[in-house]
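The residues making up each chain are set out below.
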Amino acid sequence: MPLRRLLRTRPSSSDIDAELLDHLARLADDLQLQGMKPEEARRQARLMVGGSLSLREQCREARARAIVDRGIRWARDVCRALRRDPLVTGVCIVTLALGIGAVTAMATVTHTLLIEPLPYPGADRLMEVWTVDANDGRTLRPGVDGLNLDALREATADVFSDVEGYRYGSVTMTGLDVPVTLSAPMVSPGLLSMLSVVPHLGRLLDERDTPETRHVVISEALWRTRFDSSRSIVGRTVTLDDESHVIVGVLPRHVQFPWQPAMLWRPLDDRAPGRTYAVGVVRDTLTVPARDARLDARSTHLQQQGVLEAGTRIGMQPTVQARMGSRHKTALLATTAATTLVLAIALVNVASLLLARSAARHGETAMRAALGASRLTLTTRLLGEVLAIVGIGAVAGAVVARVALTVLLHQAPDELRHSGFIAADTASILPWAILATAISAIAICLLSLVKPDLITPREGLSSLSSGARVGSTTRYQSALVVCQVALLAIVMVGAGLLLRSAVRLYSVDPGFGIDGIHVVSMDLPRHRYGDGPTRLAFMHGLKERLAALGSVSEVALAESAPPSGGSFAVEAEIEIDGRPRGTVRELPLVTVTPEYFATIGISLVEGTTFGATPDGPVVIVSRAVAARYWQGESPIGRTFRWSAQLPPYRVVGVAADAKHGGLDDALGQGMAVYLPFGSDPWPFFSVLLRSSGQGPSDAEVRAVLHGMDPRLPYTFETMRERLWTSIERQRYFSLIAVVFAVTAAVLAAVGLLGNAIYWTVNRQRELALRLAVGASRHDIERHVLLRSLRLALLGGALGLVGALTVAGLLEPLLFGVTRHDPWTIVGVVTTLGALVVAAVFVPARRASRLDPWRILQG
Amino acid sequence: MPEKSDLPQGTLDLLILRVIALGPIHGYGIAQRMQQISRDVVQVQQGSLYPALHRLEDRGFVASKWRASETGRDAKFYQLTPAGRRQLEAETANWTRLAEAVGLILTHVPEESR
């Protein structure tokens, strides 16, 4: 009835008018009968009725007021219901806030990284142009050799509406308090405008700007942190690589292209030697096959002109930021899935709490129903409660999501932060929060309102008089608890496996020393350290000065320090003693000075380290290389070659295996080739220090460097710090998973607790009777605990079966454990058991303290 | 013309329901009937009658329908719904009880004055 009333069309004003006219006519008729003249009667009638306009308004108002009254009454009812059990209401809201918050934050991150990594209009059509292998589409090199940007743009005009380019680079900014190295891409003049960037201040780089004009634009972050957000920044001069440059603009915060954190953009001269990365905007009318067909036609044409090498073609791939995100696809999807499970647990919690509450109010509801409140009235009231709770929970959830997002961003490994993470802001949270809320509202309504027996007056009243409650609600609620525990088990297995992997990874023996090893790393500015001899002189000078520090016992130079890889030969074509022995996908190449092995603690199992002045091309191989290619024979004096472009190298030593490329040893599988530090080193290098005790302090190192070149930025870390950083990704995702698992556990514990309380209250008489006939308090406690444990056991078993089925998806993220890892399963089962006991202990205790006589008499 | 009396708050609705309970009737008829039965004591103004009718209809106590009346002209007829009938019973009982109580108080003669 109320629904029909709400839906009933309001009477139109013409309806009201007609009714009043009718009234008027009847009155006039009566007056006429009493002897008035018709005209006089009508006039009199109009006078008596008064203004029909105001009457019409009054009629409408009477209805409007009724509707408003009803709305207020409904809202009051809902508020009263919510306030009556503040604990239940509070728990529901907190539960929802956690569930909605977790899933919203994670979905926002995943969406930003995987689907919309680039916050530019038309970013999905932004592609890097590469030369690719014509057979397998493998990317070979960026751009097309022999075509500068203008030529490339012209050659591919029917595929790309525009092609621009950039190069990697960094600059040292001096003149402020400390010298800093800034990530500073060189970009072709049209790149930023191709992205439709609108500058925050000043202007973008354009055709007027060449490397000679020394005009730069800076990032919002740099402007904020180094220039105090000064409005007069445009036109200011800064010293970059010892030359003064003029800032012509500040880019908005979200612009971080081509990588993050780009701090400063410089004009690119793409005719200067170096590797230019080309980025194009694919014409939006093109289908993928049409696009590929045109690229093929262009490639053939270019090959005929002799520009493009045979066996290659022009290809494309998503931009580096778009690729970064997809590298973490599995981890991101898995954590998002985990948060959905957390939300599911939260929803079940809220539904079962509301169920318990409506069952507790069974009598009241039945009474209302008997007094004539329609089923719909009661349902709308319940619905109102659900919607109010979901509404408040959603708002709180959005706040939780915002905070969680900030934490997620803050803790994220650089690798992730470098890929457009910054685009995740409050606005991007909203759609996910709304979606999660809608799903929550629907799920809770379905779970908690589809219990028809809650509002049948007859049964309700009879149960009110007999004191018994409805058993089916208890069973339904217990089923919900089983679901919760099952979901929890899945989340816990996932988190457990990730955590175990991270721990296993961190406890891997890297094959080199950790304690007492420090690493100083730096990147020499090209303009001051342009040639090999200058660089080498500086490096050796630094090495000697650091060796002179009191606590330092050994010092070595290396192109890069473990565990972060360094360089490696790709598709290395191995030739042993002149005979080809197949290709190795990635062969780590470690370039070091002779003291390296003693410094870092890698023992030489055979042969010696390099001599001070190597005699011809020599190499030290790892034991894995020796075992693979010489099978037990000594490789000393034999030759090893990995590229047709390079001479054969004579093996002078065999080093113990060490994990240079990272603890997971994804590179090389223990293989490594050590090369002597040459006379023309790269401008980047590390100094490794072995020391006893505390080792050198940062201040000592700074003093040494300051004495040599005060304008050099550097990093100084312990080897342990480097190892810790190297497993950043694994730590990050396992930390997220563990946080979500703990959240899920807390939520499920609340569910278990609520269920146990509800059950014991309903079974009071039965429990009292047991006590009365001689059960001990201990028996009762055990009875209650065992019941919850049985539910948890069932849920846990279901969950484990589910987890083992879906854990396969996690396999790419696991290290040193299988998805059937027994310890994880044992851990999950133990934790679940402890959780149940902890959650149910209080209600069990309370149940055992019942006073049987009072209850049985009452 | 006899003296008119103001109706106590909320009584109009009850009276309207009561009149409608006698059978389907249009607005003008309700006013006439009320005046007639109360021997001209209760004279309900259009300004109160029609808003009240709309309110009652909105609450679901009465239903309305346009149809031909005794004069042949179409009129909007009101009829009691089951909810209206229940409401009328409850309100009547309430009113009777209250009226009795009021009467008791007003006619009460203290012991000592007897």
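Here the structure is a predicted model, which means the values were calculated and not measured. (Residues numbered from 1 in each chain as written. Chains lettered and ligands numbered in written order. Predicted model: local features only at pLDDT ≥ 70, side-chain atom pairs only at ≥ 80, totals over all residues. Heavy atoms only, no water.)

**Let's talk about the overall build of chain B**
Next, step 1: Each helix and strand in chain B was counted, giving four helices and three strands.
Next, step 2: In chain B, buried positions account for 36% of the 114 residues.
Next, step 3: Relative to all contacts within chain B whose residues are 6 or more apart in sequence, the contacts with residues 24 or more apart total 50%.
Next, step 4: For chain B, the exposed area adds up to about 7000 Å²; of that, 53% sits on carbon and sulfur atoms. (Helix = DSSP H or I, 4+ residues; strand = E, 2+ residues; numbered from the N terminus. Buried < 20%, exposed > 50% of the residue type's maximum accessible area, 1.4 Å probe, protein only. Contact = heavy atoms within 4.5 Å. Areas by Shrake-Rupley, 256 points an atom, 1.4 Å probe, with all protein chains shown as cover.)

**With respect to the interface of chain B and chain A**
Next, step 1: At the interface, 24 residues of chain B touch 25 residues of chain A.
Next, step 2: Both sides of the chain B and chain A interface together cover about 2200 Å² of buried area, and 48% of this is carbon and sulfur.
Next, step 3: Here chain B is connected to chain A by five salt bridges.
Next, step 4: The salt bridge partner of Glu 70 of chain B is Arg 26 of chain A, with a shortest N-O separation of 3.2 Å.
Next, step 5: Our count for the contact surface shared by chain B and chain A stands at 10 residue pairs in polar contact (both at pLDDT 80 or more).
Next, step 6: Of all elements in the fold, only helix H2 (27-37), helix H3 (46-58) and strand S3 (74-80) of chain B reach the threshold of two or more residues within the side of chain B that touches chain A.
Next, step 7: Sorting elements by how many residues they give to the side of chain B that touches chain A places H3 of chain B first, with eight residues. (Buried area = accessible area lost by both parts, 1.4 Å probe. Salt bridge = Lys/Arg side-chain N within 4 Å of Asp/Glu carboxyl O. Polar contact = N/O pair within 3.5 Å; in protein donor to acceptor, adjacent residues only side chain to side chain.)

**Observations concerning H2 of chain B**
Helical geometry: 3.6 residues make up each α-helical turn, so side chains three or four residues apart lie on a common side.
Next, step 1: Listed in full, the buried residues belonging to H2 of chain B are Gly 27, Tyr 28, Gly 29, Ile 30, Ala 31 and Met 34 of chain B.
Next, step 2: Following H2 of chain B by one or two positions, Arg 39 of chain B has its phi on the positive side, about 50°.

**Focus: the sheet that holds S3 of chain B**
Residue and element names in this part refer to chain B.
Next, step 1: An order of S1-S3-S2 is seen for the three strands of this open sheet, with the pairing classed as antiparallel. If you trace the sheet from one side to the other, it starts and ends with strand S1 (25-26) and strand S2 (62-68), each paired once.
Next, step 2: Here S2 runs beside S3; their pairing, made up of seven bridges, is antiparallel. Looking at the pairing, Ala 68 lines up with Asp 74 of S3. (Pairing = 2+ DSSP bridges.)

**Looking at the pattern of salt bridges**
Next, step 1: Tallied over the entire structure, the rule returns 38 salt bridges over all chains.
Next, step 2: Note that Asp 206 of chain A is salt-bridged to Arg 203 of chain A, the shortest N-O span being 3.6 Å.
Next, step 3: Residues Asp 515 of chain A and Arg 720 of chain A are paired through a salt bridge, measuring 3.3 Å at the closest nitrogen-oxygen approach. With Asp 515 of chain A in the loop between helix H17 (471-506) and strand S14 (517-523) and Arg 720 of chain A in helix H22 (residues 719-726), this residue pair connects regions lying 205 residues apart in the sequence.
Next, step 4: Look at Asp 515 of chain A and you get exposed, because its relative accessible area is 57%.
Next, step 5: Judged by relative accessible area, which is 37%, Arg 720 of chain A ranks as partly exposed.
Next, step 6: Members of the salt-bridge network, linked through shared partners, are Asp 22, Arg 26 and Asp 29 of chain A together with Glu 70 and Arg 73 of chain B.

**Focus: the confidence of the model for chain B**
Next, step 1: On average, chain B scores 83 in pLDDT, and the residues at 70 or more come to 89%.
Next, step 2: For chain B, per-element mean pLDDT is lowest for H3 of chain B, which scores 85, and highest for S1 of chain B, which scores 90. (pLDDT = per-residue confidence, 0-100.)

**Observations concerning the environment of Leu 353 of chain A**
All names here are of chain A.
Next, step 1: With respect to the helices, strands and loops of the structure, Leu 353 is situated in helix H11 (residues 329-360).
Next, step 2: Between the C-alpha atom of Leu 353 and that of Gly 754, which follows or precedes it by 401 residues, the distance is 6.8 Å.
Next, step 3: With residues near it in sequence (within four places) discarded, Leu 353 still touches Val 88, Val 91, Cys 92 and Gln 477.

**A look at a nonpolar patch on the surface**
Residues and elements named next belong to chain B.
Next, step 1: Nonpolar side chains collect at one region of the surface, where Trp 95, Leu 98, Val 102, Leu 104, Ile 105 and Leu 106 lie side by side and expose about 660 Å² of accessible area between them.
Next, step 2: By the secondary structure assignment, Leu 98 is in helix H4 (residues 82-107).
Next, step 3: On the basis of relative accessibility, which here comes to 49%, the residue Leu 98 falls in the partly exposed class. (Patch = residues over 30% accessible without salt bridge, like charges linked within 9 Å, V, L, I, M, F, W, Y side chains within 5 Å.)

**Observations concerning unusual backbone geometry**
Residue and element names in this part refer to chain A.
Next, step 1: Cis geometry marks the peptide bond from Pro 562 to Pro 563, where omega comes out at 5°.
Next, step 2: Positive phi is not limited to glycine here, since Ser 229 has a value of about 50°.
Next, step 3: On the accessibility criterion, Ser 229 (28% relative accessible area) is partly exposed.
Next, step 4: Positive phi, normally seen in glycine, also occurs at Asp 241, with a value near 45°.

**As for the confidence of the model for chain A**
Residue and element names in this part refer to chain A.
Next, step 1: Per-residue confidence for chain A gives a mean pLDDT of 83; residues scoring 70 or more make up 89%.
Next, step 2: Ranking the elements of chain A by mean pLDDT puts helix H16 (residues 457-466) last with 43 and strand S8 (residues 215-218) first with 94.
Next, step 3: Across residues 1-9, confidence stays below pLDDT 50; counting only partners more than four residues off in sequence or on other chains, it has 11 contacts.
Next, step 4: For the stretch residues 452-470, pLDDT sits under 50, and the model shows 34 contacts to residues farther than four places along the chain or on other chains.

**Side note on the side chain of His 518 of chain A**
Next, step 1: Within the secondary structure, His 518 of chain A sits in strand S14.
Next, step 2: In this structure, His 518 of chain A is in contact with Val 687, Leu 688, Leu 689, Ser 691, Gln 694, Gly 695, Pro 696, Phe 716, Glu 717 and Thr 718 of chain A, ignoring residues within four places of it in sequence.

**Brief notes about the environment of Asp 698 of chain A**
All names here are of chain A.
Next, step 1: If you trace the backbone, Asp 698 turns up in helix H21 (residues 698-708).
Next, step 2: Measuring from C-alpha to C-alpha, the distance between Asp 698 and Phe 716 comes to 6.8 Å, with 18 residues separating the pair along the chain.
Next, step 3: Look past the residues within four positions of Asp 698 in its chain and what remains in contact with it is Tyr 714 and Phe 716.

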